[in-house]
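Fold and geometry: a report
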Amino acid sequence: VLTSDSTPKDIEVLDDRLKNRFEWGLIADIQPPDIETRMAIIKRKADILGLELPDDVIQFVAEKIKTNIRQLEGAVKNIKANSLIYENKPITILMAQTAIRDILNDNQPIPVTISKIISEVGRTFNISEQDIKSNKRAANISKARQVAMYVIKDITQMSMAAIGVEFGGRDHSTVVYAISQTEKMMKTDSHLREIIEDITKNVKDM
């Protein structure tokens, strides 16, 4: 088995005899696994370890680790270890963030917690974290809450349902509406777009 970043005919240093011999064999173009394949790998590894992972956790890990299969398997092992440490508490996105923090490569952002995002949004809009997560419907609070949900989705790629849980068990349709409204406002309000970009940058730099 030979591996190369080019096909035999594109390797100039090979003479024609070797090129012909290599081309007699089976040439396979191996690409990084797509997200469905990565999710399947994670699920299979979890099944082998006797670990039941929620779909949103599987998707989160698959979206964060994109090229290295060993890292995917290592992430599942770390999640398993963390679940044992925390006495088999339900596995959440936050637990997965902690589990994969040390194995992410330098090109991937370090996962951040939801509390940091909400704290930064609250600081920016001068609204308490408690109010953002509350059921209060004042316009300024609702706007900050919608922005917080948008930033959480943008940075963590959590599912709508999982984000709703973090905001007092809100239905996923509420989260979908909040995010869509924020996206609409960003298209017409450049100032808000800049604010959200600053929030995102500040959270990632924490």
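The structure reproduced in this document is the subject of the present report. If you're wondering where the values come from, they're calculated on a predicted model, not measured in any experiment. (Residues numbered from 1 in each chain as written. Predicted model: local features only at pLDDT ≥ 70, side-chain atom pairs only at ≥ 80, totals over all residues. Heavy atoms only, no water.)

**As for the overall build of the chain**
Here is the rule: Strands are runs of DSSP state E lasting at least two residues, helices are runs of H or I lasting at least four, and both sets are numbered from the N terminus onward. Classification of residues uses two cut-offs on accessible area relative to the type maximum, computed with a 1.4 Å probe and protein chains only: under 20% is buried, over 50% is exposed, and between them is partly exposed.
Counting its regular elements, the chain contains 11 helices and zero strands. N-terminal to C-terminal, the α/β element order of the chain is α-α-α-α-α-α-α-α-α-α-α. In terms of its C-alpha atoms, the chain occupies a principal-axis envelope of roughly 75 × 45 × 30 Å. Buried positions account for 37% of the 206 residues belonging to the chain.

**Details of the environment of Arg44**
Residue position: Arg44 is located in helix H2 (residues 35-48). Accessibility expressed as a relative area gives 58% for Arg44, which makes it exposed. Along the sequence, Arg44 and Val76 sit 32 residues apart, while their C-alpha atoms lie 9.9 Å from each other.

**Some details on the packing of helix H6 (residues 114-125) against helix H11 (residues 190-205)**
To keep things clear, this is the line we draw: Angles here are taken between N-to-C directions and fall from 0 to 180 degrees, while the axes themselves are lines fitted to C-alpha atoms, restricted in helices to the stretch in contact. Comment on the angle field: the value is read as roughly parallel under 35 degrees, roughly antiparallel over 145, roughly perpendicular from 65 to 115, and oblique elsewhere. Crossings are assigned a handedness: left-handed for a near helix turned anticlockwise from the far helix by less than a right angle, right-handed for a clockwise turn. Here, residues are in contact when the closest pair of their heavy atoms is within 4.5 Å. All residues other than Ala, Val, Leu, Ile, Met, Phe, Trp, Tyr, Cys, Pro, Asp, Glu, Lys and Arg, Gly among them, are scored as polar; the first ten of these are nonpolar and the last four charged.
Between H6 and H11, whose axes approach to 10 Å, the crossing angle comes to 140 degrees. In terms of orientation, H6 and H11 fall into the oblique class. Crossing of H6 over H11 shows right-handed handedness. Residues Lys116, Ile117, Glu120, Val121, Arg123, Thr124 and Phe125 of H6 pack against Leu192, Ile195, Ile199, Asn202 and Val203 of H11. Along the lines of polarity and charge, the residues of the contact of H6 with H11 split into seven nonpolar, two polar and three charged.

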